[in-house]
Amino acid sequence: MAGREFCAFLIEEQEGKAVASRRKLTTEALPDGDVLVRVAFSSLNYKDALAVTGRGKVVRRYPMIPGVDLAGTVEESTVPDFKAGDQVVVTGWGLGERHWGGYAQFARVKADWLLPLPEGMSLKHAMSFGTAGLTAMLSVMALEEHGLPFDEKRPVVVTGAGGGLGSMGVAILSRKGYCVAASTGRPPLHEYLRQLGASQLLDRQELASDSGKPLESERWGGAIDTVGGKTLAGLLRGMAYGTSVAACGLAGGAEFSTTVFPFILRGVNLLGIESVMCPQRRRAAAWNELKQIPSSLVEMMTTVVPLSEILPWCDRILAGQVRGRVVVDVWA
Ligand code: NDP
């Protein structure tokens, strides 16, 4: 079949800098893969913003179509598991880093990377969750596997709560009945976070400022940390005996400086969460759980933008100014 022309957001390397532009390409230019997907939506994640702006070493080869996730409809397939018309989602597996990703109207990917769109979920809804929703759910699953208490006196903290992963974490935990303390640097988001289910609001500085003590009072029953750096160190000092922190992000820095006391005197678990290479069976379980989150909450977290507005939204996400999730409509 002759190549189909489509619109894509491409980044190229010019004199050591990442330069982004919208381009017309044909499907013949797409990389090898088993399945051609007509993309409907992708999403804008922190990592995408680093890739697009060239501010982080995310892209492994140029030219690159960014977009670490996508949801769409199978157009052509060489494998029996997927046929034309099937609706699918892909997150991770090097999409937007090593392999052309979701900021295009078509993508060709390996069949192993695809999951069927969860029943009852629309393509847009799936990308409202996207990588952030998946990672938040993987975090909650890991915390629960290590024993997460339902304790009003010791809430589960979510840091970077106003962002994509944080908002998802708050919504998932509160939906499951946990008492959630949302940490944010943006007081205007307090009402939004309450609507997502947070029962307590913390100022970002509360966790990030160093008391100089290796341990503090046992305040937290669990945590999802999307911020890292001093915030993660502060969280660890206040974790209750035998509790766990799901560490999944570094929006506040990659450095990690703490003492061994939270681990050897309080038995705290530090659980690393990784969504890119996470096995398909665990992803499918996480996506299945995401169906429980009411559409109204997902809508409240979501802003939809066209391909033409990706650049300004990348700047906003890196400045920590985006509320919740940004879905990219690649046909708008
Ligand atoms: P967002 O930009 O949507 O959210 C990050 C939030 O962190 C911001 O909204 C802000 O929340 C807070 N924040 C930003 N800058 C700072 C700062 N300098 N100091 C303290 N807090 C800050 O990003 P995402 O939710 O998409 O991603 C969050 C992190 O998780 C990123 O590091 C990303 O790379 C990582 N990630 C990891 C995955 C994995 O598999 N482990 C998958 C997906 C993302 P507020 O204003 O409310 O304080």
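Reading guide: rules and limits
Residues numbered from 1 in each chain as written. Predicted model: local features only at pLDDT ≥ 70, side-chain atom pairs only at ≥ 80, totals over all residues. Heavy atoms only, no water. Core = buried A, V, L, I, M, F, W, Y, C linked by side-chain atoms within 4.5 Å. Buried < 20%, exposed > 50% of the residue type's maximum accessible area, 1.4 Å probe, protein only. Helix = DSSP H or I, 4+ residues; strand = E, 2+ residues; numbered from the N terminus. Near = heavy atom within 4 Å. Polar contact = N/O pair within 3.5 Å; in protein donor to acceptor, adjacent residues only side chain to side chain. Areas by Shrake-Rupley, 256 points an atom, 1.4 Å probe, with all protein chains shown as cover. Nonpolar A, V, L, I, M, F, W, Y, C, P; charged D, E, K, R; others polar. Salt bridge = Lys/Arg side-chain N within 4 Å of Asp/Glu carboxyl O. 1 Å grid on protein atoms, 1.4 Å probe; cavity = no way out; pocket = protein on both sides within 12 Å on 5 of 7 lines; lining within 4 Å. Points joined across faces, edges and corners; volume = space filled by probe spheres on them. Pairing = 2+ DSSP bridges. Disulfide = S-S within 2.5 Å.

1. Here we look at the nonpolar core
Ranked by size, the top nonpolar core spans 53 residues in total, and within it Phe129, Val170, Leu173, Leu193 and Trp287 carry the most contacts. Elements that contribute at least two residues to this core include exactly strand 3 (35–44), helix 2 (123–145), strand 8 (156–159), helix 3 (164–175), strand 9 (180–184), helix 4 (190–196), helix 8 (280–290) and helix 9 (295–301). Ranked by residue count, the leading element in this core is helix 2, at 13 residues. Counting residues in each nonpolar core, the second largest holds 48 residues, with Val58, Leu70, Val90 and Trp313 among its members.

2. Quick notes on the site of the ligand
Neighbouring the ligand are 24 residues, the closest being Leu165, Thr184, Gly185, Arg186 and Ser275. Between the ligand and Gly163 there is a distance of 3.3 Å, counted from an oxygen atom to a backbone nitrogen or oxygen. Leu165 has a polar backbone atom sitting 2.8 Å from an oxygen atom of the ligand. Out of a free accessible area of 920 Å², the ligand has 86% covered by protein chains. Secondary structure elements with two or more residues in the shell around the ligand: helix 2 and helix 3. Residues of the shell around the ligand, tallied by class, amount to nine nonpolar, twelve polar and three charged.

3. Here we look at the pattern of salt bridges
Summed over the entire model, instances satisfying the criterion amount to twelve salt bridges. Here Lys47 makes a salt bridge to Glu97, at a shortest N to O gap of 3.0 Å. In this pair, Lys47 sits in helix 1 (residues 46–53) while Glu97 sits in the loop between strand 5 (87–91) and strand 6 (106–109), placing the two residues 50 residues apart along the sequence. When its relative accessible area of 8% is taken as the criterion, Glu97 is described as buried. Two residues, Glu145 and Arg282, come together in a salt bridge whose shortest N-O distance is 3.0 Å. Taken together, the residues Glu145 in helix 2 and Arg282 in helix 8 connect sequence positions 137 residues apart. When its relative accessible area of 51% is taken as the criterion, Glu145 is described as exposed. Linked through salt bridges whose partners overlap, the residues forming this network are Glu144, Lys176 and Glu289.

4. Describing empty space enclosed by the protein
Scanning all chains against the criterion turns up one cavity of 30 Å³ or more. Estimates place the volume of the largest cavity at around 30 Å³. For the largest cavity, the full set of lining residues is Val89, Val90, Thr91, Trp113, Leu115, Arg283 and Trp287. Those elements that place two or more of their residues in the lining of the largest cavity are strand 5 and helix 8. Element by element, the count of residues in the lining of the largest cavity is highest for strand 5, at three residues. A breakdown of the residues in the lining of the largest cavity according to their chemical character gives five nonpolar, one polar and one charged.

5. Comments concerning the pairing of strand 4 (residues 69–77)
By the bridge criterion, seven bridges tie strand 3 to strand 4 in an arrangement that is antiparallel. By the bridge assignment for strand 4, Arg38 is matched with Thr73. Note: strand 4 against strand 5, five bridges, orientation antiparallel. When the sheet's bridge partners are listed, Thr73 is paired in strand 5 with Gln87.

6. Quick notes on the state of the cysteines
Two cysteines whose sulfur atoms are joined by a covalent bond form what is called a disulfide. Applying the stated criterion across every chain, the model contains zero disulfides. In this structure Cys7 is a free cysteine whose sulfur lies 16 Å from that of Cys314, the closest cysteine sulfur available. Cysteine Cys248 is unpaired, with the sulfur of Cys278 as its nearest cysteine sulfur at 13 Å.

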